[in-house]
Amino acid sequence: MRFKTLFLAIALLFVAGTTFAQMNNPFAAFLGNFEMKLTKAEPALPAEAMNGIQKGVMKATPDNTGMIITWNGMGPDGKPYENYELWYADKDSKKIYGINTEGGRVVRMEGDISADGKTLTFTGSYPSSPKETYKMEVKMMGNMVSFKNTIMMDGKQVQYMEGKSVNK
């Protein structure tokens, strides 16, 4: 479900954004617990999606070089879900890479960080459906993150969302 992927990706971008300078795990500074909420969606999503809080736990990988994320929340269909993601950073290129499975579909993710480390652009794709992609921009402000996301199918926008995330 695109809604779940959006929330997974947003927290990930927040976590990855300012951590490339870390000595060990590039995500070390932002490992923790996050809560996210949508503030705008076009076309509108059901009230359950707009009012729901998605909770994420970010932990270091066993080798302390990446991050594993567990998300829990209520989807727009009113059903609870739990998703997992695996992320790592290429310290040379300063790109972040991630993969998750959503509803049995693999999602590949890649992002870039701005020179000032406060803005990320992010693209995700589904290998099983290459015309279905999403683009995201994330801006960091202390422990608060704002995001804008556009989901595309066949080159046409099908969903635009904005929201905020807080590290709790």
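Residues numbered from 1 in each chain as written. Predicted model: local features only at pLDDT ≥ 70, side-chain atom pairs only at ≥ 80, totals over all residues. Heavy atoms only, no water.

Enquirer: Describe the overall build of the chain, with residues and values.
Expert: Summing up its helical and strand segments, the chain has two helices and 10 strands in all. Ordered by position from N to C terminus, the α and β elements of the chain give α-β-α-β-β-β-β-β-β-β-β-β. Looking at the 168 residues of the chain, the share that counts as buried comes to 46%. Put simply, 42% of the contacts in the chain that link residues at least 6 apart link residues at least 24 apart. As presented, the chain carries roughly 8300 Å² of accessible surface, and 54% of it is formed by carbon and sulfur atoms. (Helix = DSSP H or I, 4+ residues; strand = E, 2+ residues; numbered from the N terminus. Buried < 20%, exposed > 50% of the residue type's maximum accessible area, 1.4 Å probe, protein only. Contact = heavy atoms within 4.5 Å. Areas by Shrake-Rupley, 256 points an atom, 1.4 Å probe, with all protein chains shown as cover.)

Enquirer: Outline the nonpolar core, supporting the account with residue identities and numerical values.
Expert: Most often, soluble globular proteins keep nonpolar side chains buried together rather than apart. Membership of the largest hydrophobic core comes to 25 residues, with the highest contact counts inside it found for Trp 71, Trp 87 and Tyr 134. Only strand 1 (32-42), strand 3 (66-74), strand 4 (80-90), strand 6 (105-113), strand 7 (119-126), strand 8 (129-141) and strand 9 (144-153) provide two or more residues apiece to this core. At four residues, the largest contribution of residues to this core is made by strand 1. (Core = buried A, V, L, I, M, F, W, Y, C linked by side-chain atoms within 4.5 Å.)

Enquirer: Before we move on, could you go through the pairing of strand 1 and cite the residues and values that matter?
Expert: With five bridges joining them, strand 1 and strand 2 (residues 54-60) adopt antiparallel strand pairing. Within strand 2, the residue paired with Asn 33 across the bridge is Val 57. (Pairing = 2+ DSSP bridges.)

Enquirer: Quick one: what's the story with the environment of Trp 87, residue by residue and with numbers?
Expert: Within the secondary structure layout, Trp 87 lies in strand 4. Linking Trp 87 and Ile 99, residues 12 residues apart in sequence, is a C-alpha distance of 6.7 Å.

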